[in-house]
Amino acid sequence: MDMLDRYLQAVKFLLPRKQQDDIVRELSENLIARMEDREEELGRPLDEADQAAILREHGHPMLVAGRYRERQHLIGPTFFPLYVFALKMGLGVALLVTTVLAVVTAALHGDPFRRLLEAMLAYPGRGLMVFAWTTVGFALLDFASMQVRFVGDWDPRKLPKVVSEEQQIPRLKTLCELAFVLLSIGWLLLLPRSPSLILGPAAALVEYAPVWRFVYVPMVLLAVATAILHVVDFVRPYRTRSRELTRVAINVASLFLMVFLSQAGDLFFPRVSSALPEAVNVPRVVEIINAGFRIGMAVAAVITAIEIWRGVRRARRWNGAPLTPGSAHARAGRW
Amino acid sequence: MDSATFDNLRLELRRGCLVVAVLAALRTEQYGYTLRKLLAEQGLNVDEGTLYPLLRRLETQGLLLSEWREEAKRNKRFYRLSDAGTEILTHLLAEWRSIDGSLNAILSESDHGHARSLPAGR
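**Q** Looking at this structure, I do not really get the overall build of chain B. What am I missing?
**A** Looking only at helices and strands, chain B features 4 helices and 3 strands. Starting at the N terminus and walking to the C terminus, you meet the elements of chain B as α-β-α-α-β-β-α. The 122 residues of chain B split such that 29% are buried. For chain B, restricting intrachain contacts to residue pairs at least 6 apart in sequence, the fraction spanning at least 24 positions comes to 44%. When the accessible area of chain B is evaluated, it comes to approximately 8100 Å², of which 53% is carbon and sulfur surface.

Structure below.
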């Protein structure tokens, strides 16, 4: 019975600790009874191959022991779809944060290729952390739900409104826009100390006009508001009237800043410094930069005005009427 | 036919029936191995790796009672239906008969429908 003992030992190792001895004792009795029956059938004692066949049929020790465990999964089918969604979102945000950090570090310390490579090498570690914490979180949630069964107690009247295809906001689009806005915020925050980020080599020749002091903080605040709006869009990926109006308000404020800047005269002045190279025609450079900014500002103002018009149109068309049952899904061809 | 799909569906179908069969069989006291043999004799072959943990689970749920007792000079763990198990079994059997009746009605209706849709003379 050496093989049976080895088998039972292997099963015991993986059994719940409190029940180990009792289960092994029962399994042992059942297997011995079966082996005795087999001996009777064959009319001879069992050899090693016969014993092995019975144990193999009984099941792999890991599988047998696993079936005695009350909890056989980490995250059950109730939370699994939500878990996959959270995991995708977490890994996406980790990638975004990694990229933004790489760009900001590169802007501060230079050597962009090395910074980007370092960030990409750091991503698997961050991704693994996101994976581990998300899994642990959902496993705890699943365990807690088994104790209180709160999923069984829900009210269909509290479900979110049906969202038509027209009202949906693609998450990928939102994520790209959020990445762009976060990069812009990082860039804006670096501008006061690193004018070369906006002026390039000309930063040695020119300096900001005082008007920037008035518009800088509102510009940063508007960018932060836009980022918050994108985060909300990502979490709840459908249009609402209030969010549409907020977007319009942000665009109106941005347009106001652009108009204010375009009315403020020159945005950059020649730098007062004795170290300017004599061969460079500084007034001409400043003139070109100011002209370039005015053109850029005009283009941005037109784009913002179009966005305002589109936003107002969407908000005005909003009727908020409930959809007929199943109509949104039927239109999307999902049923 | 995809045999893996069939195996999965068959497993799901048998899983619920197995609990009813075990509870029904344990109206008479049995220990694990004899219960397995009894079920096999009635045409219900069950893996030991499935049956023995199931007995434990049903006992934890209060549907079975068990005790270690000596039989043929060996200590064995005997299981039998508890009062709660008897009550549950009554409900499960009623449910089983209701499902069986519904399924038969659906099948006979679809057979009639099929016969009606066949061309005359076939």
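**Q** Just checking my understanding: could you explain the overall build of chain A for this structure?
**A** From N to C terminus, chain A includes 12 helices and 2 strands. Secondary structure elements in chain A, listed N-terminal to C-terminal, are α-α-α-α-α-α-α-α-β-α-α-β-α-α. Carbon together with sulfur atoms contributes 65% to the accessible area of chain A, which is approximately 21800 Å² in total.

**Q** What is the right way to read the interface of chain B and chain A from this model?
**A** Note: interface size is frequently given as the accessible area lost on complex formation between the parts. Counting from both sides, the interface comprises 18 residues of chain B and, opposite them, 18 residues of chain A. Taken over both partners, the interface formed by chain B and chain A buries close to 1800 Å², and the fraction arising from carbon and sulfur atoms is 44%. When the buried area of chain B at its contact with chain A is split by residue, Y33, R56 and W68 of chain B rank highest and sum to 32% of it. In this structure, K37 of chain B and D37 of chain A form a salt bridge, with 2.7 Å as the shortest nitrogen-oxygen distance. Our count for the contact surface shared by chain B and chain A stands at 10 residue pairs in polar contact (both at pLDDT 80 or more). Considering every element that reaches the side of chain B that touches chain A, the biggest residue donor is helix α3 (residues 48–60) of chain B, with 7 residues. Grouping the amino acids of the side of chain B that touches chain A by side-chain chemistry returns 6 nonpolar, 4 polar and 8 charged.

**Q** Hey, could you run me through the confidence of the model for chain B in this one?
**A** As a note on interpretation, predicted positions should not be read in detail where pLDDT is low. All names here are of chain B. Averaged over every residue, the pLDDT of chain B is 88; residues scoring 70 or more account for 91%. Across chain B, the element-wise mean pLDDT spans from 87 in helix α4 (residues 83–117) up to 93 in helix α2 (residues 32–41). ipTM for the predicted complex: 0.75, alongside a pTM of 0.57.

**Q** I keep staring at the sheet that holds strand β3 (residues 74–81) of chain B and nothing clicks. Help me out?
**A** Either a parallel or an antiparallel arrangement is found when strands of a sheet pair, and the pairing is made through backbone hydrogen bonds. Reading across from one edge, β1-β3-β2 (chain B) is the order of the 3 strands in this open sheet, with antiparallel pairing throughout. Looking at which strands have only one partner, the edges of the open sheet turn out to be β1 (30–31) and β2 (64–71) of chain B. Packing of helix α2 (residues 20–42) of chain A onto the sheet brings it into contact with β1, β2 and β3 of chain B, and relative to β3 of chain B it is tilted by some 105°.

**Q** Would you mind going over the pairing of β2 of chain B with me for this structure?
**A** Two faces, one strand: in a regular strand the side chains alternate between the faces of the sheet. All names here are of chain B. When β2 meets β3, the two strands line up antiparallel, connected through 8 bridges. Counted as the bridge partner of R69 is K76 from β3. The hairpin formed by β2 and β3 contains 2 residues between the paired strands, and A72 there has a positive phi angle of roughly 50°.

**Q** Teacher, can you tell me more about the packing of aromatic side chains here?
**A** Within a pair of aromatic rings, the relevant descriptors are the distance that separates the centres and the angle that separates the planes. Overall, the coordinates contain 8 aromatic pairs over all chains when judged by the stated rule. Between the NZ or CZ atom of R243 of chain A and the centre of the ring of Y238 of chain A, over which it lies, the distance is 5.5 Å. A cation sits over an aromatic face here: R69 of chain B above F78 of chain B, 4.4 Å from the ring centre.

**Q** Help me understand the confidence of the model for chain A, please; the structure alone is not making it clear to me.
**A** Averaged over all residues, the pLDDT of chain A equals 82, while 89% of them reach at least 70. Every residue in residues 321–335 of chain A is under pLDDT 50, and counting partners more than four places away or in other chains gives 14 contacts.

**Q** Explain the nonpolar core to me, please; I cannot follow it from the model alone.
**A** For soluble globular proteins, the rule of thumb is that nonpolar side chains tend to be buried together. Counting residues in each nonpolar core, the largest one holds 43 residues, and the members touching the most others are L27 of chain A together with V22, L35, L39, L55 and L64 of chain B. Among the elements of the structure, α1 (2–13), α2, α3 (48–58) and α4 (61–67) of chain A together with α1 (3–25), α2, α3 and β3 of chain B are those that each provide at least two residues to this core. Beyond its immediate chain neighbours, meaning those up to four positions away, L27 of chain A contacts L8, V11, H58, V64 and Y68 of chain A together with Y52 of chain B. Counting residues in hydrophobic clusters, the runner-up holds 23 residues, among them A203, L229, F268 and A301 of chain A.

**Q** Help me understand a nonpolar patch on the surface, please; the structure alone is not making it clear to me.
**A** All names here are of chain A. Together, M129, W133, V136 and L140 line one region of the surface with nonpolar side chains, adding up to about 470 Å² of accessible area. Mapped onto the elements of the fold, L140 is located in helix α6 (residues 112–148). We classify L140 as exposed; its relative accessible area is 56%.

**Q** Where do I start with the pattern of salt bridges in this structure?
**A** Oppositely charged side chains are able to pair whenever their charged atoms sit close together. Residue and element names in this part refer to chain A. Scanning all chains against the criterion turns up 26 salt bridges over all chains. Note that E177 is salt-bridged to K173, the shortest N-O span being 3.3 Å. Placement of both E177 and K173 in helix α7 (residues 171–190) is noted, with a separation of 4 residues, approximately one turn of the helix. Residue class for E177 comes out partly exposed when judged on its relative accessible area of 29%. Among the residues examined, K173 registers a relative accessible area of 40% and is labelled partly exposed. Across the pair D266 and R294 runs a salt bridge, and its minimum N-O distance is 3.8 Å. Residue D266 is found in the loop between α10 (241–262) and β2 (268–270), and its partner R294 is found in helix α11 (residues 282–317); the two are separated by 28 residues along the sequence. Under the relative-accessibility criterion, D266 is labelled partly exposed at 37%. Ionic contacts of the salt-bridge type, sharing partners, join the residues D233, R239, R243, E244, R247 and R314 into one network.

**Q** Sorry, what's going on with the packing of α1 of chain B against α3 of chain B here?
**A** Each pair of packed helices can be described by the angle between their axes along with the distance between the axes. Residues and elements named next belong to chain B. For the pair α1 and α3, interaxial distance at closest approach is 11 Å and the crossing angle is 70°. When the axis of α1 is compared with that of α3, the two are roughly perpendicular. Across the interface between the two elements, L18, V19, V22 and L23 of α1 pack against T50, L51, L54, L55 and L58 of α3. Broken down by class, the residue content of the contact of α1 with α3 amounts to 8 nonpolar, 1 polar and no charged.

**Q** Would you mind going over the environment of Y79 of chain B with me for this structure?
**A** Along the chain, Y79 of chain B turns up in strand β3. Y79 of chain B gets classed as buried once you look at its relative accessible area, which sits at 1%. Y79 of chain B sits 14 residues away from L65 of chain B along the chain, and the two C-alpha atoms are 5.6 Å apart. In contact with Y79 of chain B, not counting residues within four places along its chain, are E26 of chain A together with L26, T28, E29, Q30, L55, R56, E59, L64, L65 and S66 of chain B. Within polar-contact distance, the side chain of Y79 of chain B engages the side chain of E26 of chain A at 2.7 Å.

Calculation rules
- Residues numbered from 1 in each chain as written.
- Chains lettered and ligands numbered in written order.
- Predicted model: local features only at pLDDT ≥ 70, side-chain atom pairs only at ≥ 80, totals over all residues.
- Heavy atoms only, no water.
- Helix = DSSP H or I, 4+ residues; strand = E, 2+ residues; numbered from the N terminus.
- Buried < 20%, exposed > 50% of the residue type's maximum accessible area, 1.4 Å probe, protein only.
- Contact = heavy atoms within 4.5 Å.
- Areas by Shrake-Rupley, 256 points an atom, 1.4 Å probe, with all protein chains shown as cover.
- Buried area = accessible area lost by both parts, 1.4 Å probe.
- Salt bridge = Lys/Arg side-chain N within 4 Å of Asp/Glu carboxyl O.
- Polar contact = N/O pair within 3.5 Å; in protein donor to acceptor, adjacent residues only side chain to side chain.
- Nonpolar A, V, L, I, M, F, W, Y, C, P; charged D, E, K, R; others polar.
- pLDDT = per-residue confidence, 0-100.
- Pairing = 2+ DSSP bridges.
- Axes fitted to C-alpha atoms, helices over the stretch in contact; angles between N-to-C directions.
- Phe/Tyr/Trp six-rings, centres within 6.5 Å; stacked < 30°, edge-to-face > 60°.
- Lys NZ or Arg CZ within 6 Å of the ring centre and 35° of its normal.
- Core = buried A, V, L, I, M, F, W, Y, C linked by side-chain atoms within 4.5 Å.
- Patch = residues over 30% accessible without salt bridge, like charges linked within 9 Å, V, L, I, M, F, W, Y side chains within 5 Å.
- Parallel < 35°, antiparallel > 145°, perpendicular 65-115°, else oblique.

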